[in-house]
Amino acid sequence: MFDLKGYGPALLNGAVVTVELAFLSLALALVLGLIGAAAKLSNSRVAVGIATTYTTLIRGVPDLVMMLLFYYGGQVCVNMLSDYIWDTYEVDFFFQFNPFISGVITIGLIFGAYMTETFRGAFLAVETGQIEAARAYGFSTWHTFRRVMVPQMLRHALPGIGNNWQVLLKTTALVSIIGLTDMVRVAEEAAKAERMPFHFFIPVAFVYLALTAGSELFIKWLDKRANAGVIQES
Amino acid sequence: MPPDFIAAWLNRNEIFTAMTIMEYWDGMVTTVQLVFLCLIIGLAFAVPLAILRTVKNPFVSGPVWLYTYIFRGTPLLIQLYIIYYGVAQIPGIQETFWWEIFREPFYPALLAFTLNTCAYTTEIIRGAIISTPHGEIEAAKAYGMNWIMRMRRIVLPSAARRAVQAYSNEVIFMLHSSAIASVVTIVDLTGAARNIYSRFYAPFDAFIFVALCYMVLTFILVFVFRKIENHLLRHQRPVGS
């Protein structure tokens, strides 16, 4: 069959790293997106300002530049912090800022900004009558949010979340540039060593294709479930 | 307080000399060239491909669908690697004149970016074409327009109006994706920043400056596309404004 010249297990491990990275970044992005959307919809001008600056900054800067900034800059920050702690408290504190952590932070931050827009739109799509009705029944703010807003908002947010996820999945390939041994990195090393670029990159491309195709089906299924009870106009 | 702080910072400034600023400028020129060329070529191929994609015959639309599906479903970085490392492996290419062109990393990168943006643009234009209101096509048919004239006078202009918003996002996306050109030794904006980072070991100075450069480019693009959009949708403007 397909001879991967002994790189098979390494590639498989790399694929697992890619998927882990993608899921952790998605979790961070969803949390940041909810916080961002809450800030943008709040009455506080400071919160709105911060959230708007965040989304504008993120959308103006390439993901790779952000990743390089967090990876190299993050290490410098940790070094300065550990110097400071050593000088003042004489405690040895140090950790290596690894590519995986910087990857999760960067991708999470970037897609958090996109999720902010998705969630904001979805919250605005919930009819105000629903919220007024919840208030009239004496629901607290938290209860209104949890029982009325979230279930109805999710239906509007799902297509956006799905699109962001597809882009996020492909962005994870960039983390190989700062040295994470994901499947792209393994394939690159193998391709250089064996001088067979097609042999190693094309299977990796197909893994990504399978991941995006699989997610597409899953998102469709979720969408159907979230829209249960809503009459679809065809 | 702030002026002192800035003056002190400027006195200690060893990074942003005329030489490094020129490096960034050269990088900016490369980035703009790369992005501009791939967008123009990509758009030129995307329009006919999008039309083919809307054709009912599956033997015509199928291959276009496959092309866009593969290029939209895989990371641009992988596509770049396949083309950059793969071109040298094509048997016999090193004896032809193509080798003179593809030996430079600029052209494999341009090819990869063009194929990628063309795939996304094809889908954007296709979406705009299939959402043409049916009445417009019926009216064109009633006027006796044939297929070519209908496309040229009715479908494509109205599709352009619907596609411009999504296309502006694609353009900005491409500008940001072009940063990966630095991975295959092209000294674009990001490449210049990486060189300057490794020379001074100053991540914040090198990368924050380049982030600002990209931001300026992004805002220029947003401004230009807002103008284009206003121009294309001028018939929808309220009367008297």
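All of these numbers come straight from a predicted model, not from anything done at the bench.

The subject of this paragraph is the overall build of chain A. Across its full length, chain A carries 8 helices and 0 strands. Along the first, second and third principal axes, the C-alpha set of chain A runs to 70 × 60 × 30 Å. Nonlocal contacts in chain A, meaning residues at least 24 apart in sequence, comprise 76% of its contacts between residues at least 6 apart.

Attention shifts here to the domain arrangement of chain A. Residues and elements named next belong to chain A. Assigned domains within chain A: domain 1 (25-180) and domain 2 (182-227). Here domain 1 and domain 2 have C-alpha centroids that lie 25 Å from each other. Counting residues at the interface gives 14 residues for domain 1, matched by 13 residues for domain 2. Among the residues making up the side of domain 1 that touches domain 2, the classes are represented as 8 nonpolar, 4 polar and 2 charged.

Moving on to the packing of helix α2 (residues 18-54) of chain B against helix α3 (residues 58-73) of chain B. Residues and elements named next belong to chain B. Where α2 meets α3, the closest approach of the two axes is 7 Å, and the angle between their N-to-C directions is 125°. Classified by the angle between their axes, α2 and α3 sit oblique to one another. For the pair α2 and α3, the sense of crossing is left-handed. Within the contact between the two elements, α2 uses Leu49, Leu52 and Arg53 and α3 uses Val60, Ser61, Val64 and Trp65. Residues that form the contact of α2 with α3 fall into these classes: 5 nonpolar, 1 polar and 1 charged.

What follows concerns the UniProt feature "transmembrane region" (unreviewed entry) in chain A. Residue and element names in this part refer to chain A. Residues annotated in UniProt with the feature "transmembrane region" (unreviewed entry) correspond here to residues 12-35, 47-73, 93-114 and 198-219. End-to-end, the C-alpha atoms of residues 12-35 are 35 Å apart, and along that stretch the chain is 100% helix and 0% strand. What you have in residues 93-114 is 73% helix and 0% strand, and the ends, taken at the C-alpha atoms, are 35 Å apart.

Owing to its 3.6 residues per turn, the α-helix brings residues three or four apart onto one side. Residue and element names in this part refer to chain A. The first and last C-alpha atoms of helix α6 (residues 141-171) sit only 37 Å apart over 31 residues, clearly below the 45 Å expected at 1.5 Å per residue. At Ala157, α6 is deflected by roughly 50°, the largest bend along its length, and proline Pro159 occurs up to four residues later in sequence. Listed as buried for α6 are Met153, Ala157, Leu158, Ile161, Asn164, Trp165, Leu168, Leu169, Lys170 and Thr171. Taken together, the buried residues of α6 touch α1 (8-41), α3 (63-89), α4 (99-125) and α8 (197-226).

What counts, and at which threshold
Residues numbered from 1 in each chain as written. Chains lettered and ligands numbered in written order. Predicted model: local features only at pLDDT ≥ 70, side-chain atom pairs only at ≥ 80, totals over all residues. Helix = DSSP H or I, 4+ residues; strand = E, 2+ residues; numbered from the N terminus. Contact = placed C-beta atoms within 7 Å. Domains from an automatic or database assignment. Nonpolar A, V, L, I, M, F, W, Y, C, P; charged D, E, K, R; others polar. Axes fitted to C-alpha atoms, helices over the stretch in contact; angles between N-to-C directions. Parallel < 35°, antiparallel > 145°, perpendicular 65-115°, else oblique. Left-handed = near helix turned anticlockwise from the far one by under 90°. UniProt positions renumbered as here; feature names shortened; annotations may be inferred. Expected span 1.5 Å × (residues − 1). Bend = angle between axes of the 7 residues up to and from the residue. Buried ≥ 20, exposed ≤ 12 C-beta atoms within 10 Å, placed from the backbone.

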